[in-house]
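Read off the chains here:
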Amino acid sequence: MSLHDNAVLVLKAYAGSEGSDPAQRELSGLYLDHLAARPDGMWKACEAGHLTASALVVDPERGRVLLTLHKKLGMWLQMGGHCEPGDTTLERAALREAREESGILELTPLAGGPVQLDRHPIPAPCHWHLDVQYAALTRPGAVESISEESLDLRWFAYDEVAGVADGSVVRLLERTRAVLGA
């Protein structure tokens, strides 16, 4: 199965899940329409926009998340980025990005698939990132290491995130905590 085919299956399942609200179902439909119209819609080269995969790294036992201060954007974000030809699923792409950017190899995806979708504009020549956002759990005491893509990497308590990150990250954390029951 191709990554494109996997994305279609993941997005259809997400749209049909009980937890997705109307806005998330609408985004899922937009993503599916994009993929139906663009066979290259998974890749950075697709200038009309492309899917990306990200993961919020969570230490649930300590009630904290690891965020990266993105080098190009200067914003505290979850780990994530572009899909690559070797990626076989969106979840694996999100975990690969999280491992590369956090330096933490022992990450376990939160069960149930994506936590949320987030569509945001980006500078030309491309126009949109259609981000499929997951959560990845780590064990207490995991040691992070900064990558070339980050200015900084830092753990934040759940209640600190709203003070440093944008609304998308805050919503991702809220949805993740709801799944965790935290």
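Here the structure is a predicted model, which means the values were calculated and not measured.

1. Brief notes about the overall build of the protein chain
- Scanning the protein chain from terminus to terminus reveals 5 helices and 8 strands.
- Going from the N terminus to the C terminus, the protein chain shows its helices and strands as α-α-β-β-β-β-α-β-β-β-β-α-α.
- Computed over its C-alpha atoms, the radius of gyration of the protein chain comes to 15 Å, within 12% of the 16 Å expected for a compact globule of 182 residues.
- Over its C-alpha atoms, taken along the principal directions, the protein chain stretches across nearly 45 × 35 × 30 Å.
- Put simply, the protein chain has 182 residues, and 48% of those count as buried.
- In the protein chain, of all internal contacts separated by at least 6 residues, the share reaching a separation of at least 24 is 68%.
- Approximately 8,800 Å² of the protein chain is accessible, and the part contributed by carbon and sulfur atoms is 54%.
- Considering the protein chain, the positive charge centre built from 17 side chains and the negative charge centre built from 26 side chains are found 0 Å apart.

2. Looking at the pattern of salt bridges
- Counted by the stated rule, this structure contains 9 salt bridges.
- We note a salt bridge from Asp59 to Arg64, for which the minimum N-O separation is 3.0 Å. Each member of the pair, Asp59 together with Arg64, is buried.
- The network of salt bridges with common partners includes Glu84, Asp87, Arg96, Glu97 and Glu100.

3. What to know about the packing of helix α1 (residues 3-16) against helix α2 (residues 22-37)
- Taken N-terminus to C-terminus, the directions of α1 and α2 make an angle of 155°; their axes are 9 Å apart at the nearest point. Considering their axes alone, α1 and α2 lie roughly antiparallel with respect to each other. Of the two elements, α1 crosses α2, and the hand of that crossing is left-handed. Residue-level contacts link His4, Ala7, Val8, Leu11, Lys12, Tyr14 and Ala15 of α1 to Gln24, Arg25, Ser28, Tyr31, Leu32 and Leu35 of α2.
- Of the residues contributing to the contact of α1 with α2, the split by class is 8 nonpolar, 3 polar and 2 charged.

Definitions and cut-offs
- Residues numbered from 1 in each chain as written.
- Predicted model: local features only at pLDDT ≥ 70, side-chain atom pairs only at ≥ 80, totals over all residues.
- Heavy atoms only, no water.
- Helix = DSSP H or I, 4+ residues; strand = E, 2+ residues; numbered from the N terminus.
- Rg over C-alpha atoms; globule rule 2.2 N^0.38 Å.
- Buried < 20%, exposed > 50% of the residue type's maximum accessible area, 1.4 Å probe, protein only.
- Contact = heavy atoms within 4.5 Å.
- Areas by Shrake-Rupley, 256 points an atom, 1.4 Å probe, with all protein chains shown as cover.
- Lys, Arg positive; Asp, Glu negative; His and termini not counted.
- Charge placed at Lys NZ, Arg CZ, Asp CG, Glu CD.
- Salt bridge = Lys/Arg side-chain N within 4 Å of Asp/Glu carboxyl O.
- Axes fitted to C-alpha atoms, helices over the stretch in contact; angles between N-to-C directions.
- Parallel < 35°, antiparallel > 145°, perpendicular 65-115°, else oblique.
- Left-handed = near helix turned anticlockwise from the far one by under 90°.
- Nonpolar A, V, L, I, M, F, W, Y, C, P; charged D, E, K, R; others polar.

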